[in-house]
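# Structure assessment
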Amino acid sequence: MQIKFTAEPAGDALAYFAYEGEKGAEFGGGVDKAAEAAFRRAITASSFKGSGGQMLEFLAPEWSDSARVILFGVGKKKAINDVAWQKAAAGVVKKLLISGAKSLSIVGAPDRMVAANFGFGARLAAYRFDQYRLTLKSEKKPTLTTVSIVTDSAAGARSDFAPLAARAEGVEFARDLVSEPPNVLYPESYAERIAKLSELGLEIEVLDVPAMTKLGMGSLLGVGQGSARPSRLCVLKWMGSKEKKSAPVALVGKGVTFDTGGISLKPGPGMEDMKGDMGGSAAVVGAMIAIAKRKAKANVVGLVGLVENMPDGNAQRPGDIVKAAAGKTIEVLNTDAEGRLVLADVLWYAQKKFNPKAIVDLATLTGAIIISLGHEHAGVFSNNDELADKLTVAGKAAGEPVWRLPLGPGYDKQLDSDVADMKNIGGRSAGSITAAQFLQRFVDEGRAWAHLDIAGTAWKPGNDNPMEPVWATGWGVRILDQLVADNYED
Ligand code: BES
Ligand code: MN
Ligand code: ZN
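What counts and how
- Residues numbered from 1 in each chain as written.
- Chains lettered and ligands numbered in written order.
- Predicted model: local features only at pLDDT ≥ 70, side-chain atom pairs only at ≥ 80, totals over all residues.
- Heavy atoms only, no water.
- Donors = N, O, S within 2.8 Å, 3.2 Å for Na, K, Ca; no water.
- Tetrahedral: all angles 85-135°; square planar, octahedral: opposite > 155°, others 65-115°.
- Helix = DSSP H or I, 4+ residues; strand = E, 2+ residues; numbered from the N terminus.
- Buried < 20%, exposed > 50% of the residue type's maximum accessible area, 1.4 Å probe, protein only.
- Near = heavy atom within 4 Å.
- Polar contact = N/O pair within 3.5 Å; in protein donor to acceptor, adjacent residues only side chain to side chain.
- Areas by Shrake-Rupley, 256 points an atom, 1.4 Å probe, with all protein chains shown as cover.
- Nonpolar A, V, L, I, M, F, W, Y, C, P; charged D, E, K, R; others polar.
- Salt bridge = Lys/Arg side-chain N within 4 Å of Asp/Glu carboxyl O.
- Pairing = 2+ DSSP bridges.

### Details of the coordination of the manganese ion (ligand 2)
With distances of 2.0 to 2.2 Å, the protein atoms coordinating the manganese ion (ligand 2) are D259 (OD), D336 (O), D336 (OD) and E338 (OE). Taken together, the 6 donor atoms coordinating the manganese ion (ligand 2) span angles of 71 to 166° at the metal, a pattern that classifies the geometry as irregular. Spacing between the donor residues of the manganese ion (ligand 2) along their common chain follows D-x76-D-x1-E. In this structure, the manganese ion (ligand 2) is positioned 3.2 Å from the zinc ion (ligand 3), and both are ligated by D259. You can see D259 sitting in strand β10 (residues 249–259) and its partner E338 sitting in the loop between β13 (329–331) and α9 (339–354), a full 79 residues away along the chain. Each of the two residues, D259 as well as E338, counts as buried.

See the structure below:
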């Protein structure tokens, strides 16, 4: 999808917006007399009042040069924010994407930042994962190729849009990764895709199994040992700050390219979703793309642990005791609690190698977080109130909200083992919290750390957010890029 910023409207379709006002819909800019008369009549004949997501469509109207005109609601003027503007434009694009219209102009943006937000929403709404749909009927294929955002300050809007375009590219890349089938995306092929990102100026390091064995990463390697696909750990480095030596922020991601559960095998129905169990790593890779593309003046390192969790003659068993690189032993009581085993070694490596001033990890870690928070919020767990607050604020601003859950010694006790330093499961109660406690056992005392459990947000069944496709959301790229932009730049 091409996004343009222009002074004059043109195209197969024109879209005008309306606020939800005290006395019904209030038109935004650019509505001429003829359009206004038609809109008023249509509003009287319908339930349109300008609320977010509402739309009226006019086909081949005599009063316009365009074959299609849309009036869309953006909600109440007082309540409107960046995400609401984005979603409103996304709704229009979703509606027109396969309609036959090739070009769309969105009219009336009151300022350059709104124009940029229209552009961002339009672009994310146009995302599709179609490369395996080889016989898709022509009437189901996208027709819309250009969206022009009409604004008096096109140059300003273009420069406001540039960092958002970088962010969108990161989101799209993450969605692709999560959507890829597990026969195509596995640790080695994933690492190859990451290695190519050196084009963007990212410094990439890939650790293979011998390298990880040498570092003593028995916890991560134990998860991958039942797979024919060897594990990888990838590091993506962006040192964009003027202070080249200053401690970076570390972003850590769980990259289980397929989670069968291992010997503690998952039930068959729904198992296909576990191709998305690398959603945390996809968010980290996508965020690094956004950060590099917009040349962020910040030092950020991304680290992703890539493994496939399979049952096999060589797979790890319930009861195995593994030793993590941090020197601690883990009794693996359930091979399906594998994400934390992967992260234990990646967290250790992140701290040892980079001494980061803050660590944020993302993982599709527990089914329990879906029971707690559904698909609306990701869970956040942190040893640092300031970092938790920063994430809460960034998530709200970027449209990826998070909700904090507690940590505490009472929960931590649930992980004590009789035969090793800890077990990898904490029993039935508070499953998302004990998973976070497990991770915290691998975080240095006093180091600012937050864990985002994104099992409910990395993909969503029946997603009705027009900015997101039906399944893979690319969740995490927006909040991480926002967190860095707001807090860690020169
Ligand atoms: N990848 C799953 C968590 C998950 C479940 C993500 C549903 C997305 C949707 C994770 O590896 C897992 O299997 N967790 C177990 C932990 C349990 C064995 C303690 C779970 O949630 O059941
Ligand atoms: Mn699992
Ligand atoms: Zn998993």
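### Describing the site of ligand 1
In the vicinity of ligand 1 lie 17 residues, with K266, D277, D336, E338 and G367 positioned nearest. For ligand 1, a nitrogen atom lies 2.8 Å from a polar atom in the side chain of D277. Between ligand 1 and L365 there is a distance of 3.4 Å, counted from a nitrogen atom to a backbone nitrogen or oxygen. For ligand 1, whose free accessible area comes to 510 Å², the fraction covered by protein is 78%. Tallied by class, residues from the shell around ligand 1 come to 6 nonpolar, 4 polar and 7 charged.

### Observations regarding the coordination of the zinc ion (ligand 3)
Tetrahedral coordination by four donors puts the ideal angle at the metal at 109.5 degrees, and octahedral coordination by six puts it at 90 or 180 degrees. Every protein donor of the zinc ion (ligand 3) is listed here as K254 (NZ), D259 (OD), D277 (OD) and E338 (OE), and their distances to the metal cover 2.0 to 2.4 Å. Geometry at the zinc ion (ligand 3) is octahedral, judged from the 6 donor atoms that bind it and their angles of 77 to 174° at the metal. Sequence spacing of the donor residues for the zinc ion (ligand 3), all on one chain, is K-x4-D-x17-D-x60-E.

### Section: the pattern of salt bridges
For the structure shown, the criterion picks out 31 salt bridges. As a salt-bridge pair, E188 and R232 come within 3.6 Å of each other at their nearest N and O atoms. Here E188 is found in helix α5 (residues 187–195), whereas its partner R232 is found in strand β9 (residues 232–239), with 44 residues between them in sequence. When the shortest N-O distance is used, the salt bridge between D385 and R404 registers 3.0 Å. Taken together, the residues span a long stretch of sequence, with D385 in helix α11 (residues 385–398) and R404 in strand β16 (residues 402–404) at a distance of 19 residues. You can call D385 exposed: its relative accessible area is 53%.

### Let's talk about the sheet that holds strand β12 (residues 321–323)
Strand order across the open sheet formed by 3 strands is β12-β13-β17, with mixed pairing between neighbours. The strands lining the two open edges of the sheet, one partner per strand, are β12 and β17 (422–423).

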